[in-house]
2 protein chains.
Amino acid sequence: MNILIKEKILSQLLGAQGIPISGQKLADELKISRTMIWKHLKSIEDDGYVIEAIKKKGYVLKSIPDIVSPERITPNLQTEYLGRNIVYYPVCDSTQNIAASIAREGAPHGTVVITEEQTAGRGRLERSWDSSANKGIWMSVIIRPEISPQFAAQFTLVSAVAIARAIEDTTKCSPNIKWPNDLLINGKKVTGILTELQADMDRVQSIIIGIGVNVNQEIDAFEQSIQSIATSIKIESGDEIDRVVLVAKILDYLEKYSNIYVENGFEPIKILWESYNCTIGKRIRANLLRETLEGVAISITNDGVLELQLDNGEIRGIYSADIHLI
Amino acid sequence: MNILIKEKILSQLLGAQGIPISGQKLADELKISRTMIWKHLKSIEDDGYVIEAIKKKGYVLKSIPDIVSPERITPNLQTEYLGRNIVYYPVCDSTQNIAASIAREGAPHGTVVITEEQTAGRGRLERSWDSSANKGIWMSVIIRPEISPQFAAQFTLVSAVAIARAIEDTTKCSPNIKWPNDLLINGKKVTGILTELQADMDRVQSIIIGIGVNVNQEIDAFEQSIQSIATSIKIESGDEIDRVVLVAKILDYLEKYSNIYVENGFEPIKILWESYNCTIGKRIRANLLRETLEGVAISITNDGVLELQLDNGEIRGIYSADIHLI
């Protein structure tokens with residue numbers, strides 16, 4: 001089966017907008033037999049597309065599967081490099097593991113690994129992350145900005161802003177960001193971001209941004225114990241979302257904001273981040289690697305560091321922590 | 001060939017200090033035939049050890065090969081974890097590549113990859129590094145400290161101090177450190193350090209410290225073009241050094257100073273670093289990733305950042321750069 005020819009046929013069907021395409025015309029254009037056309041159409045149907053054969057007219061695409069495949073994402077993209085190389089798996093252990101592995105082997109700047117379902121999705125601090133089939137966005141993005149590793153941590157905030165903006169654009173929801181990068185809708189978590197770094201002391205080799213978004217889950221998709229803290233876009237808006245549109249929008253904004261950060265520094269990103277933030281000005285408890293602090297979150301610095309004013313007046317800069325609003 | 005039995009025989013020979021060990025005694029103790037003992041001795045000789053057979057008395061070790069094998073390093077170590085797992089290659093492409101790869105596969109904290117000769121040794125910024133056979137120390141150390149990635153960069157200074165101290169202890173040379181981590185003897189470079197990081201935003205997964213030390217090279221081992229800037233310990237001191245002793249001492253100090261840094265912060269390391277430094281107070285040119293700056297190096301901060309005072313009075317913090325004393 002020639003994948004390129006299959007993609008060309010699918011792309012013609014997608015572009016035809018309901019007008020039948022004749023099998024003979026496809027065969028002539030692609031210089032293959034009618035039998036081969038028929039075999040490719042069979043294979044496209046196996047992927048979940050519904051194709052109707054109309055006598056003497058040709059083939060019409062009747063429905064598109066609810067999948068986040070490259071051929072569905074690409075036409076929606078407005079990026080220059082992000083998502084121009086997409087590695088797609090119907091199911092995999094963890095997009096983050098795959099991305100880390102292909103990044104080391106030289107996967108190009110902007111490569112996206114995306115899947116319908118993860119069997120071993122993971123979040124920050126090796127916590128497991130539920131990523132059930134066809135209901136969310138589970139992807140990892142590989143970028144290779146020319147920056148020192150000291151400037152890599154801010155990408156976690158860049159990503160949060162890009163996803164918040166994309167959700168705002170494509171749904172009825174208005175997300176907030178809890179420092180550093182949890183997206184909340186109506187106070188419940190809808191997104192997880194995990195940023196990993198491969199670097200030497202001079203230069204970032206790759207940043208791998210793992211993005212999980214709960215999109216079309218119903219409330220019973222979440223275990224009882226987390227129903228009060230986790231949610232999906234569908235639960236909060238009532239609407240079923242085309243995940244492909246949201247994926248493309250996230251990639252658009254992520255490329256845009258990454259470029260802004262690399263070219264103009266953190267200041268413009270910080271202003272955007274602050275416009276979504278629900279942490280600053282609040283009393284919080286911060287669980288750090290080695291201690292727990294309580295106080296008022298007063299600002300973030302140009303390094304993306306959270307400044308916490310303790311009860312004794314002391315101000316502490318926090319690089320990473322679990323934050324609880326209290 | 002059972003490697004464990006070979007190591008046991010070698011260890012007995014090394015421990016016998018010139019007193020002959022009978023082949024029958026070895027055979028009895030290890031519960032193998034005299035023929036097998038003889039085959040193992042043959043294999044030990046193939047590694048470069050010289051063994052003399054004295055009639056009716058037994059075997060004596062007459063000379064030890066000039067190699068940095070685990071069985072030679074281990075007896076010299078005083079560490080708890082560093083070098084307790086040594087991966088040794090007579091020749092390899094790059095210890096740093098091997099270390100990065102086994103680190104991702106879970107190699108334990110403190111693992112050392114060491115070789116006699118690298119065919120593709122590399123330094124900072126993908127520069128090649130000449131690492132000729134049996135003349136230098138070419139090794140990579142994997143450590144997994146429980147710290148945030150923001151505190152990883154300082155390990156490059158921790159390493160510089162450890163190596164400087166080890167050279168001071170085992171040779172007649174007094175090295176200086178040019179920020180951040182070049183060791184100079186009489187103004188010429190004797191050591192390269194390359195620190196790489198695998199991390200997520202919460203935690204360091206591994207730091208891989210690549211260490212290259214020019215030890216026993218003669219001046220003609222260096223290309224004409226770098227003879228004015230590169231040197232070896234032998235060139236500067238006139239003495240041939242047992243590399244194994246220096247390797248063990250480097251690992252001892254590296255473990256000690258790493259522990260101090262993780263437990264007590266950068267302040268004590270900074271004081272040590274300053275005692276070796278030949279950069280602070282000097283006029284320098286700094287080639288950064290995106291620009292070149294000139295000015296006076298005035299101090300290093302507690303983050304290991306070099307503070308450079310430009311001619312207009314402005315003070316700039318430099319995270320990483322090539323520094324030239326001018």
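Parameters at a glance
- Residues numbered from 1 in each chain as written.
- Chains lettered and ligands numbered in written order.
- Predicted model: local features only at pLDDT ≥ 70, side-chain atom pairs only at ≥ 80, totals over all residues.
- Heavy atoms only, no water.
- Helix = DSSP H or I, 4+ residues; strand = E, 2+ residues; numbered from the N terminus.
- Expected span 1.5 Å × (residues − 1).
- Buried < 20%, exposed > 50% of the residue type's maximum accessible area, 1.4 Å probe, protein only.
- Axes fitted to C-alpha atoms, helices over the stretch in contact; angles between N-to-C directions.
- Parallel < 35°, antiparallel > 145°, perpendicular 65-115°, else oblique.
- Contact = heavy atoms within 4.5 Å.
- Pairing = 2+ DSSP bridges.
- Buried area = accessible area lost by both parts, 1.4 Å probe.
- Salt bridge = Lys/Arg side-chain N within 4 Å of Asp/Glu carboxyl O.
- Polar contact = N/O pair within 3.5 Å; in protein donor to acceptor, adjacent residues only side chain to side chain.
- Nonpolar A, V, L, I, M, F, W, Y, C, P; charged D, E, K, R; others polar.

Residues and elements named next belong to chain B. Taking 1.5 Å as the rise per residue, helix 6 (residues 155–170) with 16 residues should run 22 Å; its terminal C-alpha atoms sit 22 Å apart, in good agreement. For helix 6, the buried fraction is high: 12 of the 16 residues fall into the buried class. Of all the positions in helix 6, only F155, T156, L157, V158, S159, A160, V161, A162, I163, A164, A166 and I167 are classed as buried.

Let us now look at the packing of helix 8 (residues 243–264) of chain B against helix 9 (residues 267–276) of chain B. Residues and elements named next belong to chain B. Here helix 8 crosses helix 9 at 135 degrees, and the two axes come no closer than 8 Å. Accordingly, the angle class assigned to the pair helix 8 and helix 9 is oblique. When helix 8 is examined against helix 9, the residues Y257, I260, Y261 and N264 are found in contact with a partner set consisting of P268, I269 and L272.

All right, on to helix 8 of chain B then. Residues three or four positions apart in an α-helix share a direction because the helix packs 3.6 residues into each turn. Here helix 8 of chain B is 22 residues long and its end C-alpha atoms lie 31 Å apart, about the 32 Å a rise of 1.5 Å per residue gives. Count one or two residues on from helix 8 of chain B and you reach G265 of chain B, which has phi positive near 85 degrees.

What follows covers the sheet that holds strand 10 (residues 283–287) of chain A. All names here are of chain A. Strand order in the open sheet formed by 5 strands is 13-12-11-10-14, with antiparallel pairing between adjacent strands. Two strands bound the open sheet, and with one partner strand each, they are strand 13 (315–318) and strand 14 (322–325). Pairwise comparison of adjacent strand axes, ignoring direction, gives a mean angle of 45 degrees for this sheet. By the bridge criterion, 5 bridges tie strand 11 (residues 292–300) to strand 12 (residues 306–310) in an arrangement that is antiparallel. Along strand 12, the bridge assignment pairs A297 with L308.

Residue-level contacts link 28 residues of chain B with 28 residues of chain A. When chain B packs against chain A, the two sides together hide about 2800 Å² of surface, and 53% of this comes from carbon and sulfur. On inspection of chain B and its partner chain A, the count reaches 0 salt bridges. Across the contact surface, chain B and chain A share 8 residue pairs in polar contact (both at pLDDT 80 or more). With 7 residues, strand 8 (residues 188–200) of chain B is the single largest residue contributor to the side of chain B that touches chain A. Along the lines of polarity and charge, the residues of the side of chain B that touches chain A split into 13 nonpolar, 7 polar and 8 charged. For strand 8 (residues 188–200) of chain A and strand 8 of chain B, the ladder comprises 5 bridges, and the chain directions are antiparallel. Along strand 8 of chain B, the bridge assignment pairs Q198 of chain A with Q198 of chain B.

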